Amino acid sequence: MKIDASARDYILKKGGKVSITYHDVANTCIDVKTIPEVSIGLPLNPDKYILLNIDGIDVYVDKFVGDSDNLSIKLNKVFGFKYLVLDGWKTI
């Protein structure tokens, strides 16, 4: 996993911890595939995550996400609102 330079600066300013959570949408009439959410801070249940340290940032990766070698965390901005996204996730 990689962290974009602007995302790294943003995460460090917010405390240096980020979590990547997969929200499973089950029991619906259609098959829904979602992109994992990237959020600042510790996850609610850290024991369900794999802890990585990337460039001085603690990254908690949901065990469901699995192999994170081809993923990267990037910072997006819309109308001045900043948010983190996971790039490289395949929704197949």
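Worth saying up front: this structure is predicted, and the values here are computed from it rather than measured.

Scoring rules and cut-offs
- Numbering of residues starts from 1 in each chain and follows the order in which that chain's sequence is written.
- It should be noted that, the model being predicted, local features are given only for residues of pLDDT at least 70 and side-chain atom pairs only at 80 or more, the latter also being counted only at that level, while totals for whole chains, interfaces and linings use all residues.
- Side-chain descriptors were evaluated using all non-hydrogen atoms of the structure, hydrogens and water having been removed beforehand.
- Joining through side-chain atoms within 4.5 Å is the link that ties buried Ala, Val, Leu, Ile, Met, Phe, Trp, Tyr and Cys residues into a set, and such a set is a nonpolar core.
- Between buried and exposed lies partly exposed: a residue is buried under 20% and exposed over 50% of the maximum accessible area for its type, with that area taken using a 1.4 Å probe on protein chains only.
- Any two residues whose heavy atoms approach within 4.5 Å at even a single point are treated as in contact.
- For two strands to pair, DSSP has to find at least two bridges joining them.
- Secondary structure counts use DSSP, requiring at least four H or I residues in a row for a helix and at least two E residues in a row for a strand, with both numbered from the N terminus.
- The axes are straight lines fitted to the C-alpha atoms, using for helices just the contacting stretch, and the angles between their N-to-C directions are given from 0 to 180°.
- Each reported salt bridge corresponds to a side-chain nitrogen of Lys or Arg within 4 Å of a carboxyl oxygen of Asp or Glu.
- Patches were defined on residues exceeding 30% relative accessible area and lacking a salt bridge, with like-charge contacts within 9 Å and nonpolar side-chain contacts (Val, Leu, Ile, Met, Phe, Trp, Tyr) within 5 Å.
- In short, Shrake-Rupley with a 1.4 Å probe defines the accessible areas, and a residue's cover is counted only from the protein chains shown.
- When charges are tallied, Lys and Arg are placed among the positive residues and Asp and Glu among the negative ones, while His and the ends of the chain are skipped.
- Every charge is mapped to an atom, namely NZ of Lys, CZ of Arg, CG of Asp or CD of Glu.

Bringing the nonpolar core into the picture now. Nonpolar side chains tend to gather and get buried jointly when the protein is soluble and globular. M1, I3, V18, I20, V59, I73 and L84 are the most contacted members of the largest nonpolar core, which totals 19 residues. Sequence-distant contacts of M1, that is, excluding residues within four places in its chain, are made with I20, I54, V59, V61, S68, D69, L71, I73 and L86.

The subject of this paragraph is the sheet that holds strand β4 (residues 49-54). Reading across from one edge, β3-β2-β5-β4 is the order of the four strands in this open sheet, with mixed pairing throughout. Of all the strands in the sheet, the pair left with one neighbour each is β3 (37-40) and β4. Geometrically, the sheet is characterised by an average inter-axis angle of 20° between neighbouring strands, direction not taken into account. Note that strand β2 (residues 17-21) and β3 share four bridges and pair antiparallel. In the strand pairing of β3, V18 is matched with I40. Sheet strands in contact with helix α1 (residues 5-13) are β2, β3 and β5 (57-62), and its direction is about 100° off that of β5.

Taken as a whole and assessed by the stated rule, the structure comprises two salt bridges. Notably, a salt bridge pairs D58 with K17, separated by 3.0 Å at the nearest N-O pair. Taken together, the positions of D58 in strand β5 and K17 in strand β2 put the pair 41 residues apart, joining distant regions of the chain. A relative accessible area of 30% means that K17 is categorised as partly exposed.

A cluster of basic residues, K13, K14, K77 and K82, forms a positive patch at the surface. Summarising the element assignment, K77 is placed in strand β6 (residues 72-78).

Before going further, it helps to examine the pairing of β2. Within β2, four of the five residues are buried, which leaves it mostly tucked inside the rest of the structure. Pairing between β2 and β5: four bridges, direction parallel. Of the residues in β5, the one forming a bridge with K17 is D58.

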